Amino acid sequence: MRKAGLVMAALLGGCASLGDPQQQVSEALAEDDYARAAAIIEQTHPDHDQYALLQEQYPGIILASNQYRQRLILEAEAMSRKQHWEQAHNLIAAHRDKVVDPSALGELLAALSSLEEHQLNQLLAERRQAQASALMQNADLTEKLSGFHLPKAKQERQQLAEERRYVVEDMTRLGEYFAQRQQWLLARNLLSAAHRLAPEQPPSPQLAKAQQILNDASKRARARHNRALLTEADQLMARYQRNGQLDALLAARRFLNQHQNNPALSDHQKRLEQWARRRFSEEMNTGEALYARGQYREAYRIWTQVAPLYPDNEELIKKLERSRRVLTNLRNLQDD
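What you are looking at is a predicted structure, and each value in this text was computed from that prediction instead of being measured.

A look at the packing of aromatic side chains
The full count for this structure, using the stated rule, is six aromatic pairs. Ring centres of Tyr-240 and Trp-275 lie 5.9 Å apart, and the angle between their planes is 35°; on these two criteria the pair is classed as tilted. In this pair, Tyr-240 is assigned in helix 10 (residues 205-243) and Trp-275 in helix 12 (residues 266-292), connecting sequence segments 35 residues apart. Comparing Tyr-240 with Trp-275 shows no difference in burial state: the two are buried. Their ring planes at 70° and their centres at 4.9 Å tell us that Tyr-291 and Tyr-296 sit as a pair that is edge-to-face. Members of the aromatic cluster, joined through ring pairs, are Tyr-291, Tyr-296 and Trp-303. Above the face of the Tyr-310 ring, Arg-253 is positioned so that its terminal group lies 4.7 Å from the ring centre. Here the guanidinium or amino end of Arg-322 rests over the ring plane of Tyr-291, the centre of that ring lying 4.2 Å away.

The following block contains the structure:
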C-alpha cells in the first residue's frame, strides 16, 4: 500500500519530485533560466521534503525573472536605437524562453519588427526615388538601344524594362505603405513618380487621396499664415492710429512691403499707402513753411525724417539738397 502511494505521488509530482529539485533549480538559475527554475518548483509535489524550501524561493525567482526580462527589453531597445536590428532580434530569441512570462518580449519583438520595417522602407523610398530619377533622365535610352543589332543591346533593353517595372512596383508598394501611416507627402512623391514612370498604368487610388489631403493641408496652413499676418498688420496700423508717430507708420509699411505679393493684405496695403501719401504731403508742407520762415535746420530735420516713406521723390531730393546748401553756407558764415 505504501509503495502504491509513492508511485501515485511520483505521478502527481512529476519527475522533478523524484530527483533533487533544489539542485535542478540551482542549475537553472546558474544559466539565468528562470522559466525552468519556476517550472521545477511548480512540478514539485507538496509531499517532497524540499517543497517548503522551494516555495520560499519561488517569489524571488519570479522577481528575478521580471528584472531579467526588463534588462533584456532595455538592451534590445538600445540596440534598435543604434539600428542593430539583427543583434536585437538574436538577443530576444536567445533569452525569451528563459523568463517566466515572455509575453512582453513577444510584444517588443513585434514592435521592433514594425519599427525596423518602417526605417527600412524609408531607406528604400530614398533609393527608389533616386532610381526613378535616373530612369526618367535616361528615358530615351531604350529607343537609342533599339537601333543596335548586337545582342548586348537587346539584353540591356530587357534589363532596363525589368528595372523600370520593379521600381514602379516597389514605389507603388512603398507609397501605399506610407499612405496607410498617413505620411502623405512621402506617399504622394512615391506614387507620383511611379505614375510618371509608367503613365500607361492606372495610378494608385492612394495618389489622388494623398494629393487631396496635401492640398487641403496646404490651404489650411496658408489660411493660418494669412490670419497671423492680418493680425500683425492690424496691430501695427492700430498702433500708428493711436500715437500718430512716423516710426509707427514706417514699421507698418515695412511689414506690408515684406508681404506685398500676398493678396490677403491688399486692402491693408491700399489703406496704408493712403496714410503714407497724406503724411508725406503734410510733412513736406510743414517743412516748406519752416523753410520759408528761415528755420532751415528744422525744415531739413522734418524732410529727413519723412524721406524713408518715398526716398526717390524728386521734389524731396531737391528740398534736401537746397536746405543742405543753405545750412552749409550758414556754417561757413559763422566760421568767418
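Remarks on the nonpolar core
The biggest cluster of nonpolar side chains holds 30 residues, and the ones touching the most others in it are Leu-249, Leu-256, Leu-272, Phe-280, Trp-303, Leu-309 and Leu-316. Put simply, the parts of the chain that give this core at least two residues each are helix 10, helix 11 (246-258), helix 12, helix 13 (296-306) and helix 14 (314-335). Discounting chain neighbours no more than four positions away, the residues touching Phe-280 are Val-306, Leu-309, Tyr-310, Asn-313 and Leu-316.

Reading the values: rules and limits
- Residues numbered from 1 in each chain as written.
- Predicted model: local features only at pLDDT ≥ 70, side-chain atom pairs only at ≥ 80, totals over all residues.
- Heavy atoms only, no water.
- Phe/Tyr/Trp six-rings, centres within 6.5 Å; stacked < 30°, edge-to-face > 60°.
- Helix = DSSP H or I, 4+ residues; strand = E, 2+ residues; numbered from the N terminus.
- Buried < 20%, exposed > 50% of the residue type's maximum accessible area, 1.4 Å probe, protein only.
- Lys NZ or Arg CZ within 6 Å of the ring centre and 35° of its normal.
- Core = buried A, V, L, I, M, F, W, Y, C linked by side-chain atoms within 4.5 Å.
- Contact = heavy atoms within 4.5 Å.

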